[in-house]
Amino acid sequence: MGKECRQRLEQSFDDLEDEITRRLRCEEAYMMWVQRRVAIQVQHPFIKSVMDGDAGVFPSDQDYRAWLEVQKTLDETVRMERMALYWQGHADCYAYLKKMGAL
């Protein structure tokens with residue numbers, strides 16, 4: 001797959017991901033989990049400080065930089081996993097439609 005094509009597909013995925021997040025915010029079950037996470041962070045300010053990346057809660061600058069790197073790698077791997085599931089869904093849909101004779 002060409003670099004330009006991949007960039008367009010990734011942008012499409014980003015747009016779709018934003019749309020899904022907006023839609024999920026209207027779902028009760030999703031918001032229950034969001035509210036639970038917020039409540040825990042309010043009850044335990046240290047967790048909120050860590051999640052916000054407050055450098056002051058880390059024992060050293062080196063630990064803080066390591067945490068930032070872990071967060072960066074976690075964010076990217078989760079994004080890649082979601083994108084892989086999205087593309088697998090497309091492939092499965094295509095295969096199913098082809099098997100049914102619709103394509």
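Remember, it's a predicted structure, so these values are computed and weren't measured experimentally.

Parameters and conventions
Residues numbered from 1 in each chain as written. Predicted model: local features only at pLDDT ≥ 70, side-chain atom pairs only at ≥ 80, totals over all residues. Heavy atoms only, no water. Helix = DSSP H or I, 4+ residues; strand = E, 2+ residues; numbered from the N terminus. Rg over C-alpha atoms; globule rule 2.2 N^0.38 Å. Buried < 20%, exposed > 50% of the residue type's maximum accessible area, 1.4 Å probe, protein only. Areas by Shrake-Rupley, 256 points an atom, 1.4 Å probe, with all protein chains shown as cover. Lys, Arg positive; Asp, Glu negative; His and termini not counted. Charge placed at Lys NZ, Arg CZ, Asp CG, Glu CD. Expected span 1.5 Å × (residues − 1). Contact = heavy atoms within 4.5 Å. Axes fitted to C-alpha atoms, helices over the stretch in contact; angles between N-to-C directions. Parallel < 35°, antiparallel > 145°, perpendicular 65-115°, else oblique. Nonpolar A, V, L, I, M, F, W, Y, C, P; charged D, E, K, R; others polar. pLDDT = per-residue confidence, 0-100. Phe/Tyr/Trp six-rings, centres within 6.5 Å; stacked < 30°, edge-to-face > 60°.

**Quick word on the overall build of the chain**
Move 1: Helices and strands together make up the secondary structure of the chain, namely four helices and zero strands.
Move 2: Counting helices and strands in the order they occur from the N terminus, the chain gives α-α-α-α.
Move 3: Against the globule reference of 13 Å for 103 residues, the chain gives a C-alpha radius of gyration of 19 Å, more extended than a compact globule.
Move 4: Along the first, second and third principal axes, the C-alpha set of the chain runs to 60 × 35 × 20 Å.
Move 5: Within the chain, buried positions represent 12% of all 103 residues.
Move 6: Surface accessibility of the chain: about 8,600 Å² in total, with carbon and sulfur atoms responsible for 58%.
Move 7: Taken together, the 15 basic and 18 acidic charged side chains of the chain have centroids lying 4 Å from each other.

**Here's the deal with helix 4 (residues 61–100)**
Move 1: For helix 4, spanning 40 residues, the distance from its first C-alpha to its last is 58 Å, which sits close to the expected 58 Å at 1.5 Å a residue.
Move 2: For helix 4, every residue scored as buried is listed here: Tyr64, Trp67, Arg79 and Met83.
Move 3: Close packing links the buried residues of helix 4 with helix 1 (3–24) and helix 3 (45–52).
Move 4: Two residues or fewer after helix 4 comes Gly101, characterised by a positive phi angle close to 90 degrees.

**Section: the packing of helix 1 against helix 4**
Move 1: Their axes nearest at 11 Å, the elements helix 1 and helix 4 cross at an angle of 100 degrees. What the angle tells us is that helix 1 and helix 4 run roughly perpendicular. Judged by residue contacts, Arg6, Leu9, Glu10, Phe13, Asp14, Leu16 and Glu17 of helix 1 engage Arg79, Arg82, Met83, Tyr86 and Trp87 from helix 4.
Move 2: Residue composition of the contact of helix 1 with helix 4, grouped by class: six nonpolar, no polar and six charged.

**Notes on the confidence of the model for the chain**
Move 1: In the predicted model, the chain carries a mean pLDDT of 89, and 99% of its residues have values of at least 70.
Move 2: Least confident of the elements in the chain is helix 1, whose mean pLDDT is 84; most confident is helix 2 (residues 28–43), at 96.

**A word on the packing of aromatic side chains**
Move 1: Counted according to the given criterion, the structure contains four aromatic pairs.
Move 2: Note on Phe58 and Tyr64: the rings are 5.5 Å apart at their centroids and 55 degrees apart in plane angle, and the pair reads as tilted. Note on accessibility: Phe58 and Tyr64 belong to one class, buried.

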